Amino acid sequence: MPEQETIERAHEDAREGKAPSTQAGEFVREEMHHVREGKHGARSTKQAIAIGLSKARRSGVRIPRKGASAKKASRTRTSASKSTRKRPSAKRSRAVRKALRREGHSAASRSALSRQARSAARKRPASKRSAAAKKAARTRARNR
C-alpha cells in the first residue's frame, strides 16, 4: 500500500496537469526508497520500477500498459478491471513479500538507476530523445 504522502503528491501533480508518467514517478520514487532502506529488495532496477508503476495504476494513475495505446488501456482499465478484480490471496501476497525480502538492495543504487535510464534512452529513437530535450528546455525556461 502506498504511503498517504505519495498519493497526495501524485494527486497534486494531476491537479497541476502534469503527465501520467510524472504522477507515477512519485510511486516509483517511493519504491526506490523502500528498496534502499531495506523494507524489501528487488532483483533488478526494472523490477523495482515495475512495482512502483503497478502501485500507481492501482491508485488510479492512468499509465498505459507497455505496448498498449493510451486510449485503449484507459478504457479497459476502467470498465473491466475495476469490477472483476479479486482480492489477492493472503498466501500469494505473503509469498511475494518473502521473495522480495530475499532479494538484494543494489537495484536502487545511484549507478543502477543511471544504467537503467541510459539503456532505456538508447532504445528510443533520436527524434523522441530530441523532442524530450526540447520540451525540457521549454519548461525549464518557463519555470525560472
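Fair warning: this is a prediction, and the values are worked out from it, not measured in the lab.

J.: Please give an account of the packing of helix α1 (residues 4–15) against helix α2 (residues 20–37) that cites residues and values.
T.: Orientation of α1 relative to α2, taken along the N-to-C sense of each, is 165°, at an axis distance of 8 Å. With respect to their mutual orientation, α1 and α2 come out roughly antiparallel. Both α1 and α2 take part in a crossing whose hand is right-handed. Two secondary-structure elements touch here, α1 through Thr 6, Ile 7, Arg 9, Ala 10, Asp 13 and Ala 14 and α2 through Thr 22, Gln 23, Glu 26, Phe 27, Arg 29 and Glu 30.

J.: So what's going on with the confidence of the model for the protein chain? Residues and values would help.
T.: Averaged over all residues, the pLDDT of the protein chain equals 87, while 85% of them reach at least 70. Ranking the elements of the protein chain by mean pLDDT puts helix α4 (residues 70–84) last with 53 and α2 first with 95.

J.: Got a sec to walk through the pattern of salt bridges? Specific residues and values, please.
T.: Charged atoms that come close allow side chains of opposite charge to pair. On inspection of all chains with the given rule, the structure shows 7 salt bridges. One salt bridge in this structure joins Glu 26 and Arg 9, with 2.7 Å as the shortest N-O distance. Placement of Glu 26 in helix α2 and of Arg 9 in helix α1 is noted, with a sequence separation of 17 residues between them. Look at Glu 26 and you get buried, because its relative accessible area is 14%. Between Lys 18 and Glu 16 there is a salt bridge, and its shortest N-O distance comes to 3.2 Å. By relative accessible area, which is 48% here, Glu 16 ends up partly exposed. Among the ionic contacts, a cluster of salt bridges with common partners joins Glu 5, Arg 9, Glu 26 and Arg 29.

Rules behind the numbers
Residues numbered from 1 in each chain as written. Predicted model: local features only at pLDDT ≥ 70, side-chain atom pairs only at ≥ 80, totals over all residues. Heavy atoms only, no water. Axes fitted to C-alpha atoms, helices over the stretch in contact; angles between N-to-C directions. Helix = DSSP H or I, 4+ residues; strand = E, 2+ residues; numbered from the N terminus. Parallel < 35°, antiparallel > 145°, perpendicular 65-115°, else oblique. Left-handed = near helix turned anticlockwise from the far one by under 90°. Contact = heavy atoms within 4.5 Å. pLDDT = per-residue confidence, 0-100. Salt bridge = Lys/Arg side-chain N within 4 Å of Asp/Glu carboxyl O. Buried < 20%, exposed > 50% of the residue type's maximum accessible area, 1.4 Å probe, protein only.

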